[in-house]
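Read off the chains here:
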Amino acid sequence: MRTVNLESQKNGTMSKAKEKSAKKRVVEEDDDQLPIFDKDVTEKKAGEEDDADLSDSEESVFSGLEDSGSDSHDEEEDAEEGDDEDDDDAVILDEILTKSSGVETATEPPATDKNTPTVNMGVLFLLQKQYSRVQNVKTAPKQKRKMKKGEGVAMDDGGEKGLINTRHGDEYEHDTSDEEDIRNTVGNIPMEWYQDYPHIGYNLDGKKIFKPIRNKDELDEFLDKMENPDYWRTVHDKTTASDIRLSDEQVDLVHRLQKGQFGDVNFNEYEPSVDFFTNEVMIHPVTNRPQDKRSFIPSLIEKEKVSKLVHAIKMGWIKPRKPKETTPQYYDLWAKEDPNAILGRHKMHVPAPKMRLPGHEESYNPPPEYLLTEEERMAWEQQDAEDRKLPFLPQKHSCLRAVPAFSRFIHERFERCLDLYLCPRQRKMRVNVNPEDLIPKLPKPKDLQPFPTTMSLVYIGHSSLVRSISASPTGQWLVSGSDDCTVRFWEVNTGRCMKTLEVGGAVKSVAWNPNPAVCLVAVCFESTVLLLNPGLGDRLVVSSTDQLITSYEPPEEDKEQAVTWALSEGPEHDNGHRLTLTHPKAVKQVVWHGKGDYLASVMPDNSSNLQVLIHQVSKRRTQNPFRKNKGLVQCVSFHPLRPYFFVATQRYVRVYNLIKQELTKKLMTNCKWISSMAIHPGGDNLICGSYDCRLAWFDLDLSTKPYKMLRHHKKALRGVAYHKHYPLFASGADDGSVIICHGMVYNDLLQNPLIVPVKVLKGHQITHDLGVLDVTFHPTQPWVFSSGADATIRLFT
Amino acid sequence: MSQLQTRFFTDNKKYSVDDVPFSIPAASEVQELSNVINKLLEAKNGSHSQIEFDFLVRGQFLRTSLSNHMEAEGISTEDVVEIEYVERFTAPQPEECMMHDDWISSVEADSEWILTGSYDKTARIWSLEGKAVMTVAGHTDVVKDVAWVRRDGLTSLLLTASLDQTILLWEWNSERNKLKARHCCRGHAGSVDTIATDPTRTKFCSGSWDKMLKIWSAVATEEEEEVVVEEPPSRPRKKQKTEQLGLTRTPLMTLSGHNEAVSSVLWLDSEEICSASWDHTIRLWDAETGSVKTTLTGSKVFNHISYSPLCRRLASGSTDRHVRLWDPRSKDGSLVLLSLTSHSGWVTAVKWAPSHEHQLVSGSLDNLVKLWDTRSCKTPLYDVSAHEDKVLCVDWTDSRLMLSGGADNKLYTYRYTACETDAGA
């Protein structure tokens, strides 16, 4: 193949486009892959000699034809007639041909079809569809010329008939589509469908056309671009995955086509036109046929129509000369706009600000009082430009002629423009809302009486901060535990300290047994919980309590318990000590169950599950209710009515059912660190005080999120408490104040609790940044006790 | 300066002036008016010595300028103003200060002796001159209230009520200065906070923290009554102790009805008992049947009540700052006639003057004892600020002594002068 090509190149037959393209393709394709080309090329090889011979004489042949075009006219017309039923392209082509060349005979399109593959091969199928039309136009002449060439020979041989016959025979041999590249028979499909295959299609014999072994990558492409001088004229053929170098002629052709010229250099598009029909008007009719009668008789149908119209006009259904409405049609663009709307356009109009009219000081000859004195002038110069009352200095001129040009003119105009430009052309709608209307309707504190309002009594005696207080169930006594290692018992209504008991450590928590039939006070200090009988109140109760404690009979088998129970004897017994519970760790809080038999103690420890212990006093039994450590326990509490147990860790309050031994609820407090907790006597509500100054009220029926967050305190809350009977709750904080809130809980489940802060009680002095450490309510009266870091307990009534 | 037409009058013949209208500057105050009267009296009677007068306009003491007072009271300045003048009640003079060992919880004086109860578990008998005569020791806990029962010559019967839930009836012979516990009244289940002897001096009533009122016989007898309240058998030691302190006595009657502790009790007459309680009520009881006759409802805890047979009013001190006057006869429940407001703490004790229908004395937790005239409800007549701590009890004697005891362990006596006219009233 290659040798053949070389031969042909040597032969100098490069002038023919079709041959070149064929050759080029042949150069680039492998023999096996493209057998189709073999055939073509062999054909060409076969006719090469002729071509080569002809090539020299081609021009002359054409010119000869042109010159002697007239003789082929008839035959051309015949061909046209015969090929009329051929495709439109062909017809147009023929017309163009006839028009443009006149001489040139549009030979048989089928014949061209036969040759198209060879002709088009190379360039034409690469120039995509947009050129298809032009292609036809362009290729056709060539082919025809070529055909002429061939036919010429044929004519010489067998005359016109034979030519036509061969033409017809050729017509159905091949597919008519001249644009198709039939080397690859997959058709006009996206070639990426074959991306994943080693081949890219099938040749005419049905054999696979394989992709080139090595695809060009970007680097190759780039190197090509840099090094190959013909890179710019190389195009990639997708269907055969080969690169084709365009010949000079092809490049020329492309250029011409880009310029919108005809593909053929020699084609003259401005040939003189030949009139086929005369343009002269004949005076005599073509036929002599007499006119029809009906052309003289008036039409009945028209008459009928006219009479109908006349009738309609008479009846007034149609008004023939009705004057046209000349008034233009307008409509109110803003008809739908509410004239009373506050935001109506006309009302929103804000006129541009007006320039201030010049006053006396602007005059060229102002009255003397407008002229600044020397001091004023100094002051004016000292002032900032914005602060100046006048932007200029009034000046006196003897006459108008002496007035100089206004130096600030540009500046002033600029400011004016700014005024106009920056003037807010919008009226700000101001909603006149009384701020008090936005406050939710709450009852007045006055209507929510009684609640504590004034400090009445101060219980003085402790020498260090009082950590915890608790009132006796009758309300006659108050117990307080302090850091001065004493527990004091106070008479509520006089503030008299009835008893002082020394214990072995700073008292963290005290709790009076809520059962009125038992007179016991739980006190915790260090790792000890002490049960005291203060001996106050009813003597019978006091003695029965003692009896209750002494009547304990140890069970047969001694179980290992977390704490050791010890009965106090001797002088300690006389002091009121009854039972000592020694815990393994420091105890922070003690709290009684409402029935007064169970007692819970808290030993905060983040690393162990032994944080909460529940003791039963009558049986001297201790159990650890929790197997797992859920975080540092802050405080615990018993439900006042049901067997629930509340455990407050740093952020959550968990509600456990003690009978079912399961977690019932987990309340999210949204607080950083819970300090205290109190359960409403009804049991359905809970308040949590936290060190981040918040008090969270939970409605257990409502949600596990706080029903209300109160942030009234300025500093960390230390103690919260509910009143047993009155709808009150109190919170004490480090800011030294106790805030009393009205917290009404309704029996009606549909009504949410009403929470109204009613009073801030102040009295405690802030000592070491600590204010109120504990608050508790009097069990029967609307009184609140608060203990503080100033070593006092205060009663507010 | 505007002038007012006034006419002065007085009940005291000694100081009467002519019944003619005077024109007085409207801005004049008590001192100027007093000067006017003195001038008039001097003009009438050359030997007249300067006397301080107080003035009443329509039954209210004049405390500000005349015009302000009339404006406040809504009296027309067009008419002739009738002004009554009385001799000024002179300030009570501190007389004695009796030191105790502990807080004084209660005081009661009769014509010769003063009885005080103290937090040191004893009661004491003092002479009016401030001499400690006798210490009544026997209670095991704080003595909360004391009362005289009767005096037959040199022998007196007295009562002490204590936090140890008992009331002891003592017989004291003042000549031999011998004391004997006659009866131990047991039955209360809480501290006995108040006792009151009836006008016939044969019974007394006690009120306790256990919400009960009990009526006991105050007659000392020799035979022991049967013990109603069964003592637990396991307390022989206690039993012995009580046996030392006289015979056990049980209540004649128990009045129950209060919902909270009873803080104060008194007899209106021999048939009627009045009690004040922490449940915000004052109840009137029929002493015969033991039923509640009337309930007066207040809004605060009552600490103490007092009744004056002269004006038939009940005065109450409660845990707010007010002394309130009630009419116990009114049937329509709570009706406060007057509030005397000047204290700044709880009013712990009130007592009507025995010989003056308008005067009462009150003690408060604000360390003050105030002497009131009901005709001047905004400002007391005198503030007595002798105490250094809470005042817990006050009393009067017929012999022109005022007494007050408090948490500073001191019992003060003050001498006051009673107007002769008032004494006769």
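Parameters at a glance
Residues numbered from 1 in each chain as written. Chains lettered and ligands numbered in written order. Predicted model: local features only at pLDDT ≥ 70, side-chain atom pairs only at ≥ 80, totals over all residues. Heavy atoms only, no water. Helix = DSSP H or I, 4+ residues; strand = E, 2+ residues; numbered from the N terminus. Buried < 20%, exposed > 50% of the residue type's maximum accessible area, 1.4 Å probe, protein only. Areas by Shrake-Rupley, 256 points an atom, 1.4 Å probe, with all protein chains shown as cover. Contact = heavy atoms within 4.5 Å. Salt bridge = Lys/Arg side-chain N within 4 Å of Asp/Glu carboxyl O. Polar contact = N/O pair within 3.5 Å; in protein donor to acceptor, adjacent residues only side chain to side chain. Nonpolar A, V, L, I, M, F, W, Y, C, P; charged D, E, K, R; others polar. Expected span 1.5 Å × (residues − 1). UniProt positions renumbered as here; feature names shortened; annotations may be inferred. Pairing = 2+ DSSP bridges. Axes fitted to C-alpha atoms, helices over the stretch in contact; angles between N-to-C directions. Patch = residues over 30% accessible without salt bridge, like charges linked within 9 Å, V, L, I, M, F, W, Y side chains within 5 Å. Lys, Arg positive; Asp, Glu negative; His and termini not counted. Charge placed at Lys NZ, Arg CZ, Asp CG, Glu CD. Phe/Tyr/Trp six-rings, centres within 6.5 Å; stacked < 30°, edge-to-face > 60°. Lys NZ or Arg CZ within 6 Å of the ring centre and 35° of its normal. pLDDT = per-residue confidence, 0-100.

1. Concerning the overall build of chain B
Phase 1: Broken down by element type, chain B carries four helices and 34 strands.
Phase 2: Taken across its 425 residues, chain B has 56% of its residues classed as buried.
Phase 3: Of the accessible surface of chain B, which amounts to about 17500 Å², a share of 47% is contributed by carbon and sulfur atoms.

2. Some details on the overall build of chain A
Phase 1: Regarding its fold elements, chain A presents 16 helices and 33 strands.
Phase 2: Across the 797 residues of chain A, 42% fall into the buried class.
Phase 3: Taking as baseline every contact in chain A between residues at least 6 positions apart, the subset at least 24 positions apart corresponds to 52%.

3. Re the interface of chain A and chain B
Phase 1: At the interface, 24 residues of chain A touch 25 residues of chain B.
Phase 2: In this structure, the connection of chain A to chain B is made through three salt bridges.
Phase 3: Put simply, B:Asp141 and A:Arg539 hold a salt bridge, and the shortest N to O gap is 3.0 Å.
Phase 4: Linking chain A to chain B there are 13 residue pairs in polar contact (both at pLDDT 80 or more).
Phase 5: For the side of chain A that touches chain B, the secondary structure elements donating two or more residues are β5 (455–460), β9 (496–502) and α15 (539–550) of chain A.
Phase 6: The dominant element in the side of chain A that touches chain B, judged by the number of residues it contributes, is α15(A), at three residues.
Phase 7: Of the residues in the side of chain A that touches chain B, the class split is seven nonpolar, 13 polar and four charged.

4. A look at α15(A)
Residues and elements named next belong to chain A.
Phase 1: With twelve residues, α15 extends 17 Å from end C-alpha to end C-alpha; this agrees with the ideal 16 Å at 1.5 Å per step.
Phase 2: Within α15, burial applies to Arg539, Val541, Val542, Ser543, Thr545, Asp546 and Ile549.
Phase 3: Measuring from the backbone nitrogen of Leu540 back to the side-chain oxygen at the start of α15 gives 3.1 Å, which picks out Asp538 as the cap.

5. Quick notes on the UniProt feature "repeat: WD" (unreviewed entry) in chain A
Phase 1: Mapped onto this numbering, the UniProt entry annotates "repeat: WD" (unreviewed entry) at residues 459–500 and 765–797 of chain A.
Phase 2: Annotated as residues 765–797 of chain A, this span is 0% helix and 48% strand, and its ends, taken at the C-alpha atoms, are 19 Å apart.

6. A few points about the pairing of strand β8 (residues 486–491) of chain A
Residues and elements named next belong to chain A.
Phase 1: Summarising burial for β8: six of the six residues are buried, a large majority.
Phase 2: The two faces of β8 match: Thr486, Arg488 and Trp490 on one face and Val487, Phe489 and Glu491 on the other face are all buried.
Phase 3: Sheet topology note: the strand β7 (residues 477–482)/β8 ladder contains five bridges and is antiparallel. Counterpart to Val479 in the pairing with β8 is Phe489.
Phase 4: Connecting the antiparallel pair β7 and β8 is a turn made up of three residues, with Cys485 showing a positive phi of about 65 degrees.

7. Quick word on the sheet that holds strand β16 (residues 203–208) of chain B
Residue and element names in this part refer to chain B.
Phase 1: Read across the sheet, four strands follow the order β15-β16-β17-β19 without closing on themselves; strand pairing throughout is antiparallel. Of all strands in the sheet, those bounded by a partner on one side alone are β15 (192–197) and β19 (253–256). Strand-to-strand, the axes of this sheet are offset by a mean angle of 20 degrees, without reference to chain direction.
Phase 2: Relative to β19, strand β17 (residues 212–217) runs antiparallel, the two being bridged by four bridges. Counterpart to Ile215 in the pairing with β19 is Met253.

8. As for the pattern of salt bridges
All names here are of chain A.
Phase 1: Overall, the coordinates contain 31 salt bridges over all chains when judged by the stated rule.
Phase 2: As a salt-bridge pair, Asp692 and Arg694 come within 3.6 Å of each other at their nearest N and O atoms.
Phase 3: Arg694 gets classed as buried once you look at its relative accessible area, which sits at 18%.
Phase 4: One network of salt bridges, with partners in common, ties together Arg289, Asp292 and Arg294.

9. A short note on the environment of A:Gln781
Phase 1: Note that A:Gln781 resides in the loop between β31 (772–777) and β32 (784–788).
Phase 2: For A:Gln781, the residues in contact, after removing those within four places along its chain, are A:His723, A:Tyr726, B:Glu260, B:Trp278, B:His280 and B:Val301.

10. Quick notes on unusual backbone geometry
Phase 1: In this structure, the amide linkage connecting A:Gln449 to the following residue, A:Pro450, adopts the cis form with an omega of 5 degrees.
Phase 2: On the secondary structure map, A:Pro450 appears in the loop between α14 (435–438) and β5.
Phase 3: Not every positive phi belongs to a glycine, and B:His280 is a case in point at roughly 70 degrees.
Phase 4: Inspection of the secondary structure assignment puts B:His280 in the loop between β21 (272–277) and β22 (281–286).

11. A few points about the UniProt feature "repeat: WD" (unreviewed entry) in chain B
Phase 1: Per the UniProt record, "repeat: WD" (unreviewed entry) is found at residues 97–136, 136–180, 185–226, 255–295, 305–327 and 340–376 of chain B.
Phase 2: Helix makes up 0% of residues 305–327 of chain B and strand makes up 65%, while its end C-alpha atoms are separated by 12 Å.

12. Re a negative patch on the surface
All names here are of chain A.
Phase 1: A cluster of acidic residues, Glu374, Glu375, Glu376 and Glu381, forms a negative patch at the surface.
Phase 2: Counting through the fold element by element, Glu374 comes out in helix α12 (residues 374–382).
Phase 3: Judged by its relative accessible area of 55%, Glu374 falls in the exposed class.

13. Focus on the side chain of A:His713
Phase 1: If you trace the backbone, A:His713 turns up in the loop between β26 (708–710) and β27 (717–722).
Phase 2: With near-sequence residues (within four places) excluded, A:His713 lies in contact with A:Cys693, A:Ser731, A:Gly732, A:Ala733, A:Asp735, A:Ser737 and A:Ile739.

14. Digging into the packing of aromatic side chains
Phase 1: Going through the model one piece at a time under the given rule, you end up with 26 aromatic pairs over all chains.
Phase 2: Plain terms: the ring middles of B:Phe8 and B:Tyr85 are 6.3 Å apart, the flat faces sit at 70 degrees to each other, and that makes the pair edge-to-face. With a gap of 77 residues between them, B:Phe8 in strand β1 (residues 3–9) and B:Tyr85 in strand β5 (residues 81–87) connect regions that are remote in the sequence.
Phase 3: An aromatic cluster of three or more residues is present, and its members are B:Phe8, B:Phe22, B:Phe53, B:Phe55 and B:Tyr85.
Phase 4: Here the guanidinium or amino end of A:Arg388 rests over the ring plane of A:Trp380, the centre of that ring lying 3.9 Å away.
Phase 5: In this structure, A:Lys666 packs its charged tip against the face of A:Tyr652, placed 4.2 Å from the ring centre.

15. What about the sheet that holds β31(A)?
Working definition: the strands of a sheet are paired by backbone hydrogen bonds and lie parallel or antiparallel to each other.
Residues and elements named next belong to chain A.
Phase 1: In space, the four strands of this open sheet follow the order β5-β33-β32-β31, with antiparallel pairing throughout. Two strands lie at the open edges of the sheet, namely β5 and β31, each paired on one side alone. Neighbour-to-neighbour, the strand axes of this sheet turn through a mean angle of 20 degrees, independent of strand direction.
Phase 2: The pairing of β5 with strand β33 (residues 792–796) spans five bridges and is antiparallel. In the sheet register, Met455 faces β33, and the bridge partner there is Phe796.

16. Topic: the side chain of B:Arg182
Residue and element names in this part refer to chain B.
Phase 1: Following the sequence through the fold, Arg182 ends up in strand β14 (residues 178–186).
Phase 2: Overall, the relative accessible area of 9% leaves Arg182 in the buried class.
Phase 3: There is a polar contact of 2.8 Å between the side chain of Arg182 and the side chain of Glu171.

17. Some details on the confidence of the model for chain B
Residue and element names in this part refer to chain B.
Phase 1: Mean pLDDT over chain B: 81, with 91% of residues reaching 70 or higher.
Phase 2: Here residues 226–243 is a poorly scored stretch, pLDDT under 50, and it has 14 contacts once near neighbours within four places are set aside; other chains count.
Phase 3: Counting interchain partners and residues more than four positions distant, the pLDDT-below-50 stretch residues 420–425 has six contacts.
Phase 4: Scored by ipTM, the complex comes to 0.86, with pTM at 0.63.

18. As for the environment of A:Gly683
Residues and elements named next belong to chain A.
Phase 1: Among the secondary structure elements, Gly683 is positioned in the loop between β23 (674–679) and β24 (685–690).
Phase 2: Using a relative accessible area of 1% as the deciding quantity, one classes Gly683 as buried.
Phase 3: When the C-alpha atoms of Gly683 and Asp699 are compared, they prove to be 9.5 Å apart, with 16 residues separating the residues in sequence.
Phase 4: With near-sequence residues (within four places) excluded, Gly683 lies in contact with His639, Pro640 and Leu700.

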